[in-house]
Amino acid sequence: MGPIGFFDSGYGGLTVMQKCRAMMPEYDYLYLGDNARAPYGSRSFEIVYQFTREAVKALFDMGCSLVIVACNTASAKALRTIQQNDLPKWDPSKRVLGVIRPTAEVIGTLTETRHIGVVATPGTILSNSYNLEIAKLYPDIVVNGEPCPLWAPIVESNECDSEGAEYFVWKNLKSLFGRDPMIDTIVLGCTHYPLLIKQIEKHVPEGTRIVPQGELVATSLKDYLMRHPEIDNRCSKHATCQYLTTESPEKFRECARIFIHEDVEVKKYELS
């Protein structure tokens with residue numbers, strides 16, 4: 001038995017794990033942030049796959065039987081290859097899940113116009129992962145993606161309330177709605193973006209539904225564990241949470257306060 005592992009290239013996955021902890025506090029959690037090599041958003045598919053593969057394998061080696069790739073870029077560029085190619089070789093009884101599928105599963109129940117927008121990193125948009133997953137479940141939905149390369153750096157710099165943040169949020173949303181004025185639902189396709197929700201609300205048409213991922217992933221994970229007792233029985237339940245970073249523990253603690261408003265104990269971990 002071991003904790004549920006969470007991996008992100010940076011800090012945004014903390015917002016997802018926080019929602020899971022709130023919904024399922026009895027489980028043990030282990031968070032690994034590859035902060036030294038972040039951001040992943042502009043990196044190639046090959047590099048993102050290599051980095052994500054290293055992190056997932058490390059979490060398995062630390063006792064996790066279930067790992068959540070709580071990073072949209074890594075989910076888009078690496079998850080399927082790991083599930084199909086690596087997992088059967090490592091241990092077919094273990095599981096790796098992402099954050100895109102849980103969002104795609106519910107999006108059809110949220111939009112009335114059947115036009116949605118996805119704001120995300122350039123890598124996630126380029127992968128077409130949201131378009132493909134949503135098309136499998138809701139082929140009638142029109143998906144428009146908008147790459148937002150500066151949103152995540154703005155969040156990590158703790159500049160969410162700055163004039164610069166408002167300008168870039170306005171610029172990207174103007175571009176998105178300019179291409180498709182029928183959009184009535186926006187997916188925040190990066191785990192950093194909930195911290196910009198006040199800025200986003202200012203610059204979308206009235207009545208637009210804004211969809212962060214944290215609660216959707218938490219609900220999906222709870223349902224998954226109920227449906228798969230063979231995995232649930234391998235998840236330890238002592239209500240603990242550990243944090244690892246490939247960068248400076250001091251910097252991680254500082255950024256964790258921005259993302260989840262907690263003081264956390266964190267240790268440095270070397271990925272290779």
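You'll find the structure just up there.
Residues numbered from 1 in each chain as written. Predicted model: local features only at pLDDT ≥ 70, side-chain atom pairs only at ≥ 80, totals over all residues. Heavy atoms only, no water.

Draft legend 1. Seen up close, the side chain of Thr121. Within the secondary structure, Thr121 is located in the loop between strand E5 (115–120) and helix H6 (122–127). Using a relative accessible area of 10% as the deciding quantity, one classes Thr121 as buried. Here Thr73 takes part through its side chain, which lies 2.9 Å from a polar atom of the side chain of Thr121. Ignoring sequence-local partners within four residues, the contact set of Thr121 consists of Gly41, Thr73, Cys190 and Tyr193. (Helix = DSSP H or I, 4+ residues; strand = E, 2+ residues; numbered from the N terminus. Buried < 20%, exposed > 50% of the residue type's maximum accessible area, 1.4 Å probe, protein only. Polar contact = N/O pair within 3.5 Å; in protein donor to acceptor, adjacent residues only side chain to side chain. Contact = heavy atoms within 4.5 Å.)

Draft legend 2. Spotlight on the sheet that holds strand E6 (residues 142–147). The four strands lie next to each other as E6-E5-E7-E8, forming an open sheet whose pairing is parallel. The strands lining the two open edges of the sheet, one partner per strand, are E6 and strand E8 (209–211). Sheet twist, expressed as the mean angle between neighbouring strand axes with direction ignored, is 20°. With three bridges joining them, strand E7 (residues 185–188) and E8 adopt parallel strand pairing. Within E8, the residue paired with Val187 across the bridge is Val211. (Pairing = 2+ DSSP bridges. Axes fitted to C-alpha atoms, helices over the stretch in contact; angles between N-to-C directions.)

Draft legend 3. Structural detail: the environment of Leu32. Relative to the assigned elements, Leu32 resides in strand E2 (residues 29–33). Sequence separation of Leu32 and Gly98 is 66 residues, and the distance between their C-alpha atoms is 15 Å. The residues contacting Leu32, other than those within four sequence positions of it, are Phe6, Phe7, Asp8, Ala55, Ala58, Leu59, Leu244, Tyr269 and Leu271.

Draft legend 4. Inspection of the pattern of salt bridges at higher detail. Across all of its chains, the model carries 17 salt bridges by this definition. Through salt bridges that share partners, Arg80, Arg101, Glu105, Glu133 and Lys136 make up one connected network. (Salt bridge = Lys/Arg side-chain N within 4 Å of Asp/Glu carboxyl O.)

Draft legend 5. Structural detail: the layout of surface pockets. As a volume, the largest pocket reaches approximately 590 Å³. Around the largest pocket, the lining comprises 27 residues; the ones closest to its centre are Leu79, Arg80, Gln83, Arg101 and Glu133. For the lining of the largest pocket, the secondary structure elements donating two or more residues are helix H3 (72–77), helix H4 (79–90), strand E4 (95–97), helix H5 (100–107), helix H7 (129–137) and helix H11 (214–227). Here the element with the most residues in the lining of the largest pocket is H11; it accounts for five residues. Among the residues making up the lining of the largest pocket, the classes are represented as 13 nonpolar, seven polar and seven charged. Looking at the second largest pocket, its volume works out to about 480 Å³. In terms of lining, the second largest pocket is formed by 20 residues, of which the most central are Thr15, Pro194, Leu195, Ile197 and Phe259. Taken together, the residues that form the lining of the second largest pocket break down as nine nonpolar, seven polar and four charged. (1 Å grid on protein atoms, 1.4 Å probe; cavity = no way out; pocket = protein on both sides within 12 Å on 5 of 7 lines; lining within 4 Å. Points joined across faces, edges and corners; volume = space filled by probe spheres on them. Nonpolar A, V, L, I, M, F, W, Y, C, P; charged D, E, K, R; others polar.)

None of this, on its own, says anything about what the molecule does.
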